[in-house]
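One letter stands for each residue in the lines below.
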Amino acid sequence: MRLVIKVGSNVLTRDNGKLDITRMSALVDQVAALRAGGHEVILVSSGAVACGRSELKVGHKLGSVEQRQLFSALGQAKLINLYYDLFREYRIPVGQVLTMKESFATRREYLNQRSCMTVMIANGVIPIVNENDTISVTELMFTDNDELSGLIAAMMDADALVILSNIDGIYDGEPGAPGARVIRRVEPGSDLSTYIRQEKSGFGRGGMLTKCHIARKVAEEGIRVIIANGKRDNILTDLLSNPEGTLHTEFTPNAEPASNMKKWLAHSASFAKGLVHINDKAAKVLRGDRAVSLLLVGVTAIEGEFEEGDIVTIADGEGRRMGVGRSAYGSNDARRLIGKHDVKPLVHYDYLCLDPQE
Ligand SMILES: Nc1ncnc2c1ncn2[C@@H]1O[C@H](COP(=O)(O)OP(=O)(O)O)[C@@H](O)[C@H]1O
Ligand SMILES: N[C@@H](CCC(=O)OP(=O)(O)O)C(=O)O
């Protein structure tokens, strides 16, 4: 079984903001046990900024971008060093993968990232992945490491994504309030938005809302997703040996896994270069049960400039986003052929990825 395990900032930090080395060490012990049990593991670990913050006292005011850049540069070195030493006790080699959203922009770059992690795993090295906060610019940053871990799980065809946070799972009310319980299973299409509060915990970046959004998307692609409490002792080993008796939220995976191409598309919406408007009939057919391609006869307008092979967003007659696809035409040719029959589809079904319906 191939597992992607995401360790959130809050799991690795104490209430005073300092790195919790005891917790980190306990997680490494469990990952080593999983490996001994034959599992392949990819770690997505936050904690660089939190780690760097406790390393340096800065006497003057820093902007938020400056803080992130400075502390992540300092903290990432410490973080990976600690992982290196802890895993060394088990003679498990680890390697650092620092990445950013832009590094997944084209199919070529995406496949390059995939080859990098594949060769590490094939040689027994645990990839420890984090966003390269030092140089990733604000507009093109991942919302948080939940988004990054979802992308990695999809890209590496993981069997499961385990998101470790500082909470036992998604509560059906205010966590900690009397009567609030952890939702044990989330089926595709369930709406959890009423339960989730907007605020984030102490050191996290995205909050529970992004966690849920990513979890649903990844489960939709056929990967099991688990949200559990990384601060609980033996959480990883318990989840595998005694899932029923271990508090967590599981998102049921779609029984039909998405192809690797569709997984790439599902996580690449922010790189879309154009916007394709389609009519109601085309929207209905695309949303139906049959596998259909998007034909130019159903297209009403095309915005933006793009080339053949670029990603485009598809919107219905009311301008609501329906999903993304890889265009088989450049924008000029596509515009010229709007409304035409008997020409190749604008987006072939294999390159079409519709958003899960709420
Ligand atoms: N319904 C809910 N159930 C559980 N947690 C929730 C809920 N609504 C909001 N939260 C908050 O989400 C936090 C976890 O998200 P986040 O701060 O992003 O953590 P991390 O750094 O581990 O990614 C919890 O600590 C909790 O305060
Ligand atoms: N890349 C950042 C972590 C971003 C972040 O906080 O993510 P998360 O733990 O998902 O809330 C770091 O290492 O500090």
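These figures come from a predicted structure and were not determined experimentally.

**A closer look at the layout of surface pockets**
Now for step 1: Considering only enclosed or pocket space, the largest pocket measures out at about 1,400 Å³ in volume.
Now for step 2: What lines the largest pocket is a set of 49 residues, and nearest its centre among them are Glu220, Cys353, Leu354, Asp355 and Pro356.
Now for step 3: Those elements giving two or more residues to the lining of the largest pocket turn out to be helix H6 (145-155), helix H7 (208-220), helix H9 (260-266), helix H10 (280-287), strand E12 (321-326) and strand E13 (352-354).
Now for step 4: Ranked by the residues each element gives to the lining of the largest pocket, the list is headed by H7, at eight residues.
Now for step 5: Along the lines of polarity and charge, the residues of the lining of the largest pocket split into 23 nonpolar, 11 polar and 15 charged.

**Brief notes about the nonpolar core**
Now for step 1: Ile152, Ile170 and Phe251 are the most contacted members of the largest nonpolar core, which has 44 residues in total.
Now for step 2: Looking at this core, the element that brings in the most residues is H7, giving six residues.
Now for step 3: Residues lining this core come from more than one domain, with at least three contributed by each of domain 1 (2-258) and domain 2 (272-354).
Now for step 4: Among residues more than four places away in sequence, those in contact with phenylalanine 251 are Ile170, Val186, Leu192, Cys212, Ala215, Arg216, Ala219, Arg224, Val225 and Ile227.
Now for step 5: Counting residues in hydrophobic clusters, the runner-up holds 33 residues, among them Leu12, Leu34, Leu79 and Leu164.

**Observations concerning the domain arrangement of the chain**
Now for step 1: By the assigned domains, the chain splits into domain 1 (2-258) and domain 2 (272-354).
Now for step 2: Computed over C-alpha atoms, the centres of domain 1 and domain 2 are 34 Å apart.

**Points about the sheet that holds strand E6 (residues 185-186)**
Now for step 1: Taken together, eight strands build an open sheet; the order of strands is E3-E4-E2-E1-E5-E7-E8-E6 and the sheet is mixed. What marks the edges here is a single partner per strand, and that holds for strand E3 (94-99) and E6.
Now for step 2: The pairing of strand E5 (residues 160-165) with strand E7 (residues 224-229) spans six bridges and is classified as parallel. Residue pairing in the sheet places isoleucine 163 in a bridge with isoleucine 227 of E7.

**Description of the sheet that holds E12**
Now for step 1: Pairing in this open sheet of five strands is mixed, and the strands run E10-E9-E11-E12-E13 from one edge to the other. If you trace the sheet from one side to the other, it starts and ends with strand E10 (299-303) and E13, each paired once. Within this sheet the neighbouring strands show an average axis-to-axis angle of 25 degrees, counted without direction.
Now for step 2: Bridging between strand E9 (residues 274-278) and strand E11 (residues 311-315) involves four bridges; their strand directions are parallel. Among the inter-strand pairings, leucine 275 is bridged to a residue of E11, identified as threonine 313.
Now for step 3: In the packing of H10 onto the sheet, the strands contacted are E9, E12 and E13, and the crossing angle to E9 comes to about 100 degrees.

**Some thoughts on the environment of glycine 189**
Now for step 1: Within the element layout of this structure, glycine 189 appears in the loop between E6 and H7.
Now for step 2: Judged by its relative accessible area of 37%, glycine 189 is partly exposed.
Now for step 3: In this structure, the C-alpha to C-alpha distance between glycine 189 and leucine 239, residues 50 residues apart in sequence, is 24 Å.
Now for step 4: Setting aside anything within four residues of it in sequence, one finds glycine 189 in contact with Arg216 and Gln357.

Conventions and cut-offs
Residues numbered from 1 in each chain as written. Chains lettered and ligands numbered in written order. Predicted model: local features only at pLDDT ≥ 70, side-chain atom pairs only at ≥ 80, totals over all residues. Heavy atoms only, no water. 1 Å grid on protein atoms, 1.4 Å probe; cavity = no way out; pocket = protein on both sides within 12 Å on 5 of 7 lines; lining within 4 Å. Points joined across faces, edges and corners; volume = space filled by probe spheres on them. Helix = DSSP H or I, 4+ residues; strand = E, 2+ residues; numbered from the N terminus. Nonpolar A, V, L, I, M, F, W, Y, C, P; charged D, E, K, R; others polar. Core = buried A, V, L, I, M, F, W, Y, C linked by side-chain atoms within 4.5 Å. Buried < 20%, exposed > 50% of the residue type's maximum accessible area, 1.4 Å probe, protein only. Domains from an automatic or database assignment. Contact = heavy atoms within 4.5 Å. Pairing = 2+ DSSP bridges. Axes fitted to C-alpha atoms, helices over the stretch in contact; angles between N-to-C directions.

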